Amino acid sequence: MEPRVPIRLGVNGRQREMAVPARRLLSDALREELHLTGTHVGCEHGVCGACTVLIDGTPARACLTFAVQVEGREVTTVEALAEGGDLHPLQRALGEEHGLQCGFCTPGILMTFAAYLRDHPDPTEDEVRDVLSGNLCRCTGYQSIVAAVLKAAHALRMKAVG
Amino acid sequence: MKPAPFTYHRPETLDDALALLAEHGADASPLAGGQSLVPMLNMRLAQPAHIVDLNGLTELGGVVITDGWLEIGALIRHHQLAHDPVIRAAQPLLAHAAGTIAHYAIRQRGTLGGSLVQADPAGQLPLIARLTDAEVVIRGPRGERRMPVRAFLVFAMEVALEEGELVTAVSFPLLKPGTRWGFELFSRRRGDYALASVATTLTLTNGKIGELRLAIGAAASLPQRLTGLERSARGGVPDAAWIAETARAAAAAAEVEDSPQAPAAFRRELVEVLTHRALTAALTPEPA
């Protein structure tokens, strides 16, 4: 039996404890130990971006992070984006702009831009495309995702103004 | 794709990390940002019995300017290289190049030390380190040593690091006042490994080329300095004809690899075009 390492971490604002083999990827720990299946697992070598989550507010590939590494840290997943029944402006804009079809890549895109727009509230289209280059989407051709991100950025700026 | 089992260590001091590496020898692998190592673990191309996680070593996170050198801790992330005001002021070329590495999420995790040790031929940071004659600061069982990047980079993915040693920092000479720079790369998709990249610094003396440095990345197994071209450039008048001629000469002088994805002739063309662009950028007066 492979030894398990006990860890404590914050996930979406809640303290969680689990015991995992050292080699357990954060993506698998979120899905299998905590049943947070919103974090999708695509390529498992850091290329596709589907598993992107926030670690202490910073986007990271969950498939390139071991769960034991986030001991004591705060992990934010796509499940935390909607508040109550209200979708996050990014989620709403992706729907309105047809920025997703199969939805597999969507959680990674949402988490990447949730952090990026927090730090860069008024990006240019080129900047959005540069950041989006880290997330592969095989359905949309990206055009509609770019439009959605720009729309969400505008909505978030309006919200900040009140 | 899941890694093979390993024992995980998270030392809190550099001395503890070195002790763990000494204890486990070739069975141990240091883990920094993990953006290259963890894919190799996931694909089981690497199966170390022990992982020594360096991310808790605050000693490796400094940015210090001393005696003409900018010393940057090995754990500094690419994103910080690109945005840290001290680094941007002292080494704008390094900051700019770091901002072009891979993707946004990858840049938040990947580290300067990890990139140098990885020694990918297409890596931006080995190229800039080679161009600027940076030195690698190494700690190991026999204490600390410094090594020029030129000697540190042995071959593609191979560096002159002994067993049990860690890169703790990379030291970049400060640019001479008035130094201009350019950096260009070509990749098939944004964020992919480059098929060719060019970095240059130059100074002007009375409107003529003073010191030119020119380095080519991704074209062969190591970043290359075109030293012959650098020497013959001194005193040149940097007009459009000089830029075009220098770019042609760079393409002729560079060692380029031939592969089905990027035939040698294609890479030479890339070197010429990128050199042209990098020199043009370096010679364009900054907006007042």
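The notes below deal with the structure included here. Values in this document were obtained by computation on a predicted structure and should not be read as measured data.

1. Some points on the overall build of chain A
A count of helical and extended segments in chain A gives five helices and five strands. Order of helices (α) and strands (β) in chain A, N terminus to C terminus: β-β-α-β-β-β-α-α-α-α. For 162 residues, the compact-globule formula gives about 15 Å, and the C-alpha radius of gyration of chain A, at 16 Å, lands near that figure. Each principal axis of the C-alpha distribution contributes one length, and for chain A these read about 50 × 35 × 25 Å. Counting across all 162 residues of chain A, residues that qualify as buried make up 54%. The contacts of chain A with a sequence gap of at least 6 include a subset with a gap of at least 24, amounting to 56%. Entry remark: accessible area of chain A is about 7,200 Å², with carbon and sulfur atoms responsible for 52%. Between the averaged position of the 16 positive side-chain charges in chain A and that of its 20 negative side-chain charges there is a distance of 3 Å.

2. Some words on the pairing of strand β1 (residues 5-11) of chain A
Residues and elements named next belong to chain A. Where β1 lies against strand β2 (residues 14-20), seven bridges are found, and the strand directions are antiparallel. From the neighbouring strand, proline 6 faces β2, where its bridge partner is alanine 19. Connecting the antiparallel pair β1 and β2 is a turn made up of two residues, with asparagine 12 showing a positive phi of about 50 degrees. The sheet contact formed by β1 and strand β5 (residues 74-76) spans two bridges and is parallel. Bridge assignment links valine 11 to a residue of β5, and that residue is valine 75.

3. Digging into the interface of chain B and chain A
Of the residues lining the interface, 27 residues belong to chain B; the matching set on chain A comes to 30 residues. Note on chain B versus chain A: buried area summed over both sides is about 2,500 Å², and carbon and sulfur give 58% of it. At the surface where chain B touches chain A, the tally comes to five salt bridges. In this structure, arginine 190 of chain B and aspartate 130 of chain A form a salt bridge, with 3.9 Å as the shortest nitrogen-oxygen distance.

4. Quick word on the side chain of glutamine 108 of chain B
With respect to the helices, strands and loops of the structure, glutamine 108 of chain B is situated in the loop between α6 (104-107) and α7 (112-118). Those residues within four positions of glutamine 108 of chain B in sequence are excluded, and the remaining contacts are Thr58 and Pro59 of chain A together with Arg77 and His79 of chain B.

5. With respect to the packing of helix α3 (residues 106-119) of chain A against helix α5 (residues 143-161) of chain A
All names here are of chain A. Relative orientation of the contacting elements α3 and α5 amounts to 40 degrees, with a least axis distance of 11 Å. Taken together, the axis directions place α3 and α5 in an arrangement best described as oblique. Along this stretch, α3 crosses α5, giving a crossing that reads as right-handed. Across from Ile109, Phe113 and Leu117 in α3, the residues of α5 making contact are Ile145, Val149, Ala152, Ala153 and Leu156. Counted by class, the contact of α3 with α5 contains eight nonpolar, no polar and no charged residues.

6. Structural notes on the sheet that holds strand β2 (residues 28-31) of chain B
Residues and elements named next belong to chain B. Taken in spatial order, the three strands of this open sheet run β1-β3-β2, and their pairing is parallel. Of all strands in the sheet, those bounded by a partner on one side alone are β1 (7-9) and β2. Each neighbouring strand pair of the sheet contributes to a mean axis angle of 25 degrees, computed without reference to strand direction. In the sheet, β1 pairs with strand β3 (residues 50-53) via three bridges, with the strands oriented parallel. The residue bridging histidine 9 from the neighbouring strand is valine 52, located in β3. Its contacts with the sheet place helix α1 (residues 14-24) against β1, β2 and β3, and it is angled at close to 165 degrees to β3.

7. Examining a nonpolar patch on the surface
On the surface, Met1, Met43 and Leu45 of chain B cluster together into a nonpolar patch covering about 300 Å² of accessible area. Within the secondary structure, methionine 43 of chain B is located in the loop between α2 (37-42) and β3.

8. Side note on the pattern of salt bridges
All names here are of chain B. Within the structure shown, the criterion is met by 25 salt bridges over all chains. Here arginine 139 and aspartate 15 are joined by a salt bridge, their closest N and O atoms 2.8 Å apart. Taken together, the positions of arginine 139 in strand β6 (residues 135-140) and aspartate 15 in helix α1 put the pair 124 residues apart, joining distant regions of the chain. For the salt bridge of aspartate 133 with arginine 213, the shortest nitrogen-to-oxygen distance reads 3.2 Å. With aspartate 133 in the loop between α8 (124-131) and β6 and arginine 213 in strand β13 (residues 208-217), the pair connects residues that are 80 residues apart, well separated along the chain. Here aspartate 133 falls in the partly exposed class, since its relative accessible area comes to 31%.

9. Looking at the nonpolar core
Ile72, Leu81 and Phe152 of chain B are the most contacted members of the largest nonpolar core, which has 36 residues in total. Apart from residues no more than four positions distant in its own chain, leucine 81 of chain B is found in contact with Ile72, Ile76, Ile87, Leu94, Ala95, Ala98, Leu112 and Leu125 of chain B. Judged by nonpolar contacts, the second largest core, of 32 residues, contains Leu34, Ala60 and Cys63 of chain A together with Val38 of chain B.

10. Digging into the side chain of threonine 200 of chain B
Residues and elements named next belong to chain B. In this structure, threonine 200 sits in strand β12 (residues 196-205). Of the polar contacts made by the side chain of threonine 200, one reaches the backbone oxygen of arginine 213; its length is 2.7 Å. Discounting residues that sit within four places of it in the chain, threonine 200 has contacts with Leu93, Leu131, Arg180, Trp181, Gly182, Leu212, Arg213, Leu214, Ala278, Leu279 and Ala282.

11. Examining the environment of methionine 1 of chain B
As for its placement among the helices and strands, methionine 1 of chain B is situated in the segment before β1. We classify methionine 1 of chain B as partly exposed; its relative accessible area is 40%. Aside from chain neighbours lying at most four places away, what touches methionine 1 of chain B is Leu25, Cys43, Glu44 and His45 of chain A together with Asn42 and Met43 of chain B.

Rules used throughout
Residues numbered from 1 in each chain as written. Chains lettered and ligands numbered in written order. Predicted model: local features only at pLDDT ≥ 70, side-chain atom pairs only at ≥ 80, totals over all residues. Heavy atoms only, no water. Helix = DSSP H or I, 4+ residues; strand = E, 2+ residues; numbered from the N terminus. Rg over C-alpha atoms; globule rule 2.2 N^0.38 Å. Buried < 20%, exposed > 50% of the residue type's maximum accessible area, 1.4 Å probe, protein only. Contact = heavy atoms within 4.5 Å. Areas by Shrake-Rupley, 256 points an atom, 1.4 Å probe, with all protein chains shown as cover. Lys, Arg positive; Asp, Glu negative; His and termini not counted. Charge placed at Lys NZ, Arg CZ, Asp CG, Glu CD. Pairing = 2+ DSSP bridges. Buried area = accessible area lost by both parts, 1.4 Å probe. Salt bridge = Lys/Arg side-chain N within 4 Å of Asp/Glu carboxyl O. Axes fitted to C-alpha atoms, helices over the stretch in contact; angles between N-to-C directions. Parallel < 35°, antiparallel > 145°, perpendicular 65-115°, else oblique. Left-handed = near helix turned anticlockwise from the far one by under 90°. Nonpolar A, V, L, I, M, F, W, Y, C, P; charged D, E, K, R; others polar. Patch = residues over 30% accessible without salt bridge, like charges linked within 9 Å, V, L, I, M, F, W, Y side chains within 5 Å. Core = buried A, V, L, I, M, F, W, Y, C linked by side-chain atoms within 4.5 Å. Polar contact = N/O pair within 3.5 Å; in protein donor to acceptor, adjacent residues only side chain to side chain.

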